[in-house]
Amino acid sequence: MSKITHKMYIDGQWAESTDGQAITVLNPSNEQIVGYAPQGTREDAKAALASSEAAQVEWARMPAQKRAEYVAALANKLEEQGEVFAQMVTEEQGKLLTDARGEVAGSVGFLRYAAESARRIEGEITTSENADEQIWIQRVPFGVTVGLLAWNYPLALAARKLGNALVTGNSMVLMPPADTPLTVLEFGKLVEEVGIPKGVVNIVSGLGAEVGDELVRNPITKLVTLTGSSEVGSILYRSASDNITALNLELGGKAPFIVMDDIDVDEVVELAVQSGFGNCGQICTSNERMYIHEAIYDEFMVKFIDKVKALKVGLPTDDTVDVGPKVNAREIENLEAHVAKAKAAGATIACGGGKPAGELFKQGYWFEPTVITDVTNDMAIMKEEVFGPIVAAMPVTGLEQALAFANDIDLGLSGYIYSKDVRTIMKAVNELEVGEIYVNRPNGELLNGFHTGFKRSGIGGEDGKYGLEGYLQKKTVYFNYG
């Protein structure tokens, strides 16, 4: 794919940054330039918000089903150009092409599910204590919303947020991730093609400290939805406090993967590898720390490590490859620091632990699939999100210890439990302090579920009817007809 200079989409026009600065986007596989995106300014962010504010009232007056027709058309356009977008995702993010195609398909699904939800925006009528009166609870849009996107699934997150925001009558300013902005900016062309009125969708690329900060702090913004790290979420929480801006935060995770001794070892080993190393471990619900029943620990780990060693690292366009590159050099440094800290604490690097050898890996951001053993639950590797192809594991005496270890952390996005015993499963379901639990299956949320986190893993959530409701606020009407 040739290098492309993209522009921002503000008030129905394609624009450069007001100060002419640009973000250079590199291919994680070889560090070659993929393209350029505007490095927007506070003025650009303000212009986008003003445009969104001007457009939102008329957009909200439009029947929900009419709004949904635009979103459905957007889904159709994206599906038609799916391969082009998959190639873009792979080139700028490093995702395996097969997975990038899945991201595009998922994005189409998010948009279509949102469009289908237009007829499900409901209120309530309840009785009043007063004669000749009813109480109406209406669900109404917030107004101008802001969608801040993460680099691991840039297109899917844009679709996940935008579809629900638009169908519920909000306008939205999208801020693509600085590492992977090109696909989202290209997505803006489809917004224009399907004729969504100008200002309803604005896309401003740039850095969080400037563009992101302005979008969050500006009083025009009424709701901010972020997918990102818990650290960024904390910063955003403080930034939004002055205006009491509503927040929807899907933040970091450190998923515990609990395996009891009554399972099929070979089957669960396969699921553990799949859930730990998919998208190079760059998924907030990835298996990052395993608690394996001591009765099967040795057998499980031998088979798990053999499977991890067999994973093929290589170019994401190669259909035989299992693990592609990380997204940037900063992420590689973070992984190296995690490994060094674990070794210093006495852990064993059972396999991997650094950059793979070979000519292919001299350029690009590569890291071997890594397994860390001989850990204790107080080590940083069991507490801090890694967000890469590293899985740590330790034996446990049983479910009680596994749950105690799993919950001894300030994150609570997702968790896994593997057992054939319903009582064991239900105890884990009842006591795991996470917002999402995978029972005897790999990770991957569905459109009609609800993706949410506990503790420092967020507030609010996405997907399904509750995700849609997150883009609506409630208005109470005391209707006296006497």
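Predicted model, so just to flag it, every value in this text is computed and none were measured.

On to the overall build of the protein chain, then. Secondary structure assignment for the protein chain yields 14 helices and 23 strands. Against the 2.2 N^0.38 benchmark of 23 Å for 482 residues, the protein chain shows a C-alpha radius of gyration of 23 Å, consistent with a compact globule. Structurally, the protein chain occupies a C-alpha span of about 75 × 60 × 40 Å along its principal axes. Of all 482 residues assigned to the protein chain, the portion counted as buried reaches 57%. A separation threshold of at least 6 residues defines the contact pool for the protein chain, and within that pool the share at least 24 residues apart is 73%. Averaging the coordinates of the 43 positive side-chain charges in the protein chain and doing the same for the 66 negative ones gives two points 3 Å apart.

Moving on: the pattern of salt bridges. In total, this model carries 33 salt bridges according to the counting rule given. The salt bridge involving Asp-11 is made with Lys-198; its shortest N-O contact spans 3.9 Å. Pair noted here: Asp-11 is in the loop between strand 2 (8-10) and strand 3 (13-15) and Lys-198 is in the loop between helix 6 (182-193) and strand 10 (201-203), with a separation of 187 residues, a long-range link. The closest approach of N and O atoms between Asp-179 and Arg-330, which form a salt bridge, is 3.2 Å. Note that Asp-179 is positioned in the loop between strand 9 (171-175) and helix 6 and Arg-330 in helix 11 (residues 329-344), a separation of 151 residues in sequence.

Strand order across the open sheet formed by three strands is 6-7-23, with antiparallel pairing between neighbours. Looking at the sheet topology across the chains shown, the edges are occupied by strand 6 (124-127) and strand 23 (472-480). Each adjacent strand pair in this sheet contributes to an overall mean axis angle of 25°, direction not counted. Judged from the nine bridges that link them, strand 7 (residues 133-141) and strand 23 form a sheet pairing that is antiparallel. Residue pairing across strands places Pro-141 opposite Leu-472, the latter belonging to strand 23.

Attention shifts here to the UniProt feature "domain: Aldehyde dehydrogenase" (unreviewed entry) in the protein chain. UniProt annotation of "domain: Aldehyde dehydrogenase" (unreviewed entry) refers to residues 14-477 when read in the numbering used here. As a span, residues 14-477 carries 39% helix and 21% strand, and end to end its C-alpha atoms are 42 Å apart.

With respect to the secondary-structure elements, His-338 resides in helix 11. Reaching out from His-338, the side chain makes a polar contact with the backbone oxygen of Glu-385 at a distance of 3.5 Å.

Attention now goes to the packing of aromatic side chains. Tallying each qualifying case throughout the model produces 14 aromatic pairs. Aromatic rings pair up to connect Phe-257, Tyr-416, Tyr-418 and Tyr-438 into one cluster. The positively charged end of Lys-95 is found above the aromatic ring belonging to Tyr-153, 4.1 Å away from the centroid.

Moving on, we come to the pairing of strand 14 (residues 287-293). Across the seven residues that make up strand 14, a large majority, seven, are buried. Pairing between strand 13 (residues 255-259) and strand 14: five bridges, direction parallel. From the neighbouring strand, Pro-256 faces strand 14, where its bridge partner is Arg-289. Handedness of the strand 13-helix 9 (residues 265-277)-strand 14 crossover: right-handed. Bridge analysis of strand 14 against strand 17 (residues 390-396) gives five bridges, and the strand direction is parallel. Within strand 17, the position partnered with Ile-292 by the bridge is Pro-395.

Where helix 9 meets helix 10 (residues 297-310), the closest approach of the two axes is 9 Å, and the angle between their N-to-C directions is 45°. In this view, helix 9 runs oblique relative to helix 10, as classed from their interaxial angle. The two elements helix 9 and helix 10 meet at a crossing, and its hand is right-handed. From helix 9, Val-265, Asp-266, Val-268, Val-269, Glu-270, Ala-272, Val-273 and Phe-277 reach across to helix 10, where they touch Glu-299, Phe-300, Lys-303, Phe-304, Lys-307 and Val-308.

Here we come to the sheet that holds strand 14. Strand pairing in a sheet relies on backbone hydrogen bonds, with the paired strands running either antiparallel or parallel. Read from one edge to the other, the open sheet built from seven strands follows the order 15-16-17-14-13-19-20, with strand pairing classed as mixed. Edge strands, defined here as strands with exactly one partner in the open sheet, are strand 15 (348-351) and strand 20 (436-439). Going from strand to strand, the sheet's axes swing by 25° on average, the running direction of each strand aside.

Attention shifts here to the nonpolar core. Ranked by size, the top nonpolar core spans 55 residues in total, and within it Leu-74, Leu-78, Leu-162, Phe-187 and Ile-196 carry the most contacts. The greatest single-element share of this core, amounting to nine residues, is contributed by helix 5 (residues 154-167). Excluding residues that lie within four positions of it along the chain, Leu-78 makes contacts with Phe-85, Val-104, Ser-107, Val-108, Leu-111, Leu-155, Phe-187 and Leu-190. Among the nonpolar cores identified, the runner-up in size contains 33 residues, and Val-268, Ile-305, Val-391 and Tyr-416 belong to it.

The next point concerns the UniProt feature "active site" (unreviewed entry) in the protein chain. Mapped onto the present numbering, the UniProt feature "active site" (unreviewed entry) falls on Glu-250. The topology assignment puts Glu-250 in strand 12 (residues 246-250). Beyond its immediate sequence surroundings of up to four residues, Glu-250 is in contact with Arg-160, Leu-226, Thr-227, Gly-228, Cys-284, Leu-413, His-451 and Ser-457.

On to unusual backbone geometry, then. The residue Asp-132 is not glycine, and still its phi comes out positive at about 55°. On the accessibility criterion, Asp-132 (41% relative accessible area) is partly exposed.

With that settled, consider helix 11. End to end, helix 11 covers 23 Å across 16 residues, agreeing with the expected 22 Å (1.5 Å per residue, within 8%). By the burial criterion, the buried members of helix 11 are Glu-331, Ile-332, Leu-335, His-338, Val-339 and Ala-342. The buried residues of helix 11 occupy one face: seen down the axis, they fall within an arc of 120°. Away from its buried face, by an angle of more than 90 degrees, helix 11 presents the exposed residues Glu-333 and Ala-344. The elements touched by buried residues of helix 11 are strand 15, strand 16 (370-373) and strand 17. One side-chain oxygen at the N-terminal end of helix 11 lies 3.2 Å from the backbone nitrogen of Arg-330; it belongs to Asn-328. Of the residues trailing helix 11, Gly-346 is marked for its positive phi of about 105°.

Thresholds applied
- Residues numbered from 1 in each chain as written.
- Predicted model: local features only at pLDDT ≥ 70, side-chain atom pairs only at ≥ 80, totals over all residues.
- Heavy atoms only, no water.
- Helix = DSSP H or I, 4+ residues; strand = E, 2+ residues; numbered from the N terminus.
- Rg over C-alpha atoms; globule rule 2.2 N^0.38 Å.
- Buried < 20%, exposed > 50% of the residue type's maximum accessible area, 1.4 Å probe, protein only.
- Contact = heavy atoms within 4.5 Å.
- Lys, Arg positive; Asp, Glu negative; His and termini not counted.
- Charge placed at Lys NZ, Arg CZ, Asp CG, Glu CD.
- Salt bridge = Lys/Arg side-chain N within 4 Å of Asp/Glu carboxyl O.
- Pairing = 2+ DSSP bridges.
- Axes fitted to C-alpha atoms, helices over the stretch in contact; angles between N-to-C directions.
- UniProt positions renumbered as here; feature names shortened; annotations may be inferred.
- Polar contact = N/O pair within 3.5 Å; in protein donor to acceptor, adjacent residues only side chain to side chain.
- Phe/Tyr/Trp six-rings, centres within 6.5 Å; stacked < 30°, edge-to-face > 60°.
- Lys NZ or Arg CZ within 6 Å of the ring centre and 35° of its normal.
- Right-handed = clockwise from strand over helix to strand, strands pointing away.
- Parallel < 35°, antiparallel > 145°, perpendicular 65-115°, else oblique.
- Left-handed = near helix turned anticlockwise from the far one by under 90°.
- Core = buried A, V, L, I, M, F, W, Y, C linked by side-chain atoms within 4.5 Å.
- Expected span 1.5 Å × (residues − 1).
- Arc of directions from axis to C-beta.

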